[in-house]
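The residues making up each chain are set out below.
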Amino acid sequence: MTTNTATCESESKVEIVKKTYKYELLEDVHLALQPPADSKGETLYTQGSFKYFHYGCDGHSDAGWGCGYRTLQTAISWIIKRRSGRTAMLNVPSIEEIQRLLVRIGDKPARFVGSRDWIGTMEEFFVIDSLFDIPCKFAHVQQLNSEQVLNQIREYFVDYCGLIVMGGLSDTASKAIAGIHLSQTAGCSLLIVDPHFVGVPSSKQQLIERGYVRWMHSSELEGSAYNLCFILEK
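Every value quoted in this text rests on a predicted model; they were computed, and no experiment measured them.

(A) Representation of helix 4 (residues 147–159) in the model. Compared with the 18 Å implied by 1.5 Å per residue over 13 residues, the 18 Å span of helix 4 between its first and last C-alpha is a close match. Of all the residues in helix 4, the buried ones are Val149, Leu150, Ile153, Tyr156 and Phe157. What you see down the axis of helix 4 is that its buried residues fit within an arc of 115°, all on one side. Across helix 4 from its buried face, at more than 90 degrees, point the exposed residues Glu147 and Gln148. Taken together, the buried residues of helix 4 touch strand 3 (41–45), strand 4 (136–141), strand 5 (164–168), strand 6 (175–183), strand 7 (187–193) and strand 9 (226–231). Once helix 4 finishes, Cys161 follows within two positions and takes phi at roughly 50°, a positive value.

Shown next as structure tokens:
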């Protein structure tokens, strides 16, 4: 069995073992989605492969509270692929392994392991930092659909072609941003990868049809402040 050892600030170690999933997780679901109907404009996508983690995908029953873990797992799968040959980390941690990591670095109490407590963007950042020592830019934004923030997201995709993890204060559903489309006439849309799917997805198209992979127009992002974690991995 392949294992990775994560060493955290306390020098305690968390074993991250190789996983066997009951079905093959879908990869690169964002690339199956065509640009919005108004295709005139600029479209930028996450480059590099990642697996789509979602509720229950590994047999762990986390519907209703595990979306932050699943978004984090998707992001970690992207980092591992992106760093192919340049990292000793080969396995994506389970929910319990993520909880153990957060306890080891002192962010959570011991009782957190095995709980159904959710995590947010800040905890996702802590885990990425402890596993990979990757610089990340953490941003708290009052208006995600403001021109300034949307320009910042575009610049990130131009410079890094990466993956952004996000969560809102009233829109508490964690998700990832895997692309941006700037229309000449219809404004800006973000490509959302949503981990809230339950069951076994039959195809990428099913996820698109059911809205778990979709373009979200900036007008839909009003009414909630958001935390964004830009993973600065090239």
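Let us keep going from here.
(B) Layout of the environment of Phe50. Relative to the helices and strands, Phe50 is located in the loop between strand 3 and helix 1 (67–82). What makes Phe50 buried here is its relative accessible area of 1%. Here the alpha-carbon distance between Phe50 and Leu26, two residues 24 residues apart in the chain, equals 8.6 Å. Setting aside residues no more than four positions away along its own chain, Phe50 makes contact with Leu26, Glu27, Asp28, Val29, His30, Thr74, Ser77, Trp78, Leu163, Ala178 and Val193.

(C) Representation of the packing of aromatic side chains in the model. Across all of its chains, the model carries 8 aromatic pairs by this definition. Each ring, one from Tyr21 and one from Phe53, has its centre 6.0 Å from the other, and the planes form 80°; the classification is edge-to-face. You can see Tyr21 sitting in the loop between strand 2 (13–17) and strand 3 and its partner Phe53 sitting in the loop between strand 3 and helix 1, a full 32 residues away along the chain. An aromatic cluster is present here, built from Tyr156, Phe157, Tyr160 and Phe230 joined pairwise through their rings. Of note, Lys234 hangs over the ring of Tyr160, and the distance from its end group to the ring centre comes to 5.1 Å.

(D) Examining the pairing of strand 5 more closely. Of all 5 residues that make up strand 5, 5 are buried, and the element is covered over most of its length. Burial of strand 5 is two-sided: the residues Ile164, Met166 and Gly168 facing one way and the residues Val165 and Gly167 facing the other way are all buried. Both strand 5 and strand 6 contribute to a ladder of 3 bridges, which runs antiparallel. For Ile164, the partnering residue across the bridge sits in strand 6 and is Ile177.

Conventions adopted
- Residues numbered from 1 in each chain as written.
- Predicted model: local features only at pLDDT ≥ 70, side-chain atom pairs only at ≥ 80, totals over all residues.
- Heavy atoms only, no water.
- Helix = DSSP H or I, 4+ residues; strand = E, 2+ residues; numbered from the N terminus.
- Expected span 1.5 Å × (residues − 1).
- Buried < 20%, exposed > 50% of the residue type's maximum accessible area, 1.4 Å probe, protein only.
- Arc of directions from axis to C-beta.
- Contact = heavy atoms within 4.5 Å.
- Phe/Tyr/Trp six-rings, centres within 6.5 Å; stacked < 30°, edge-to-face > 60°.
- Lys NZ or Arg CZ within 6 Å of the ring centre and 35° of its normal.
- Pairing = 2+ DSSP bridges.

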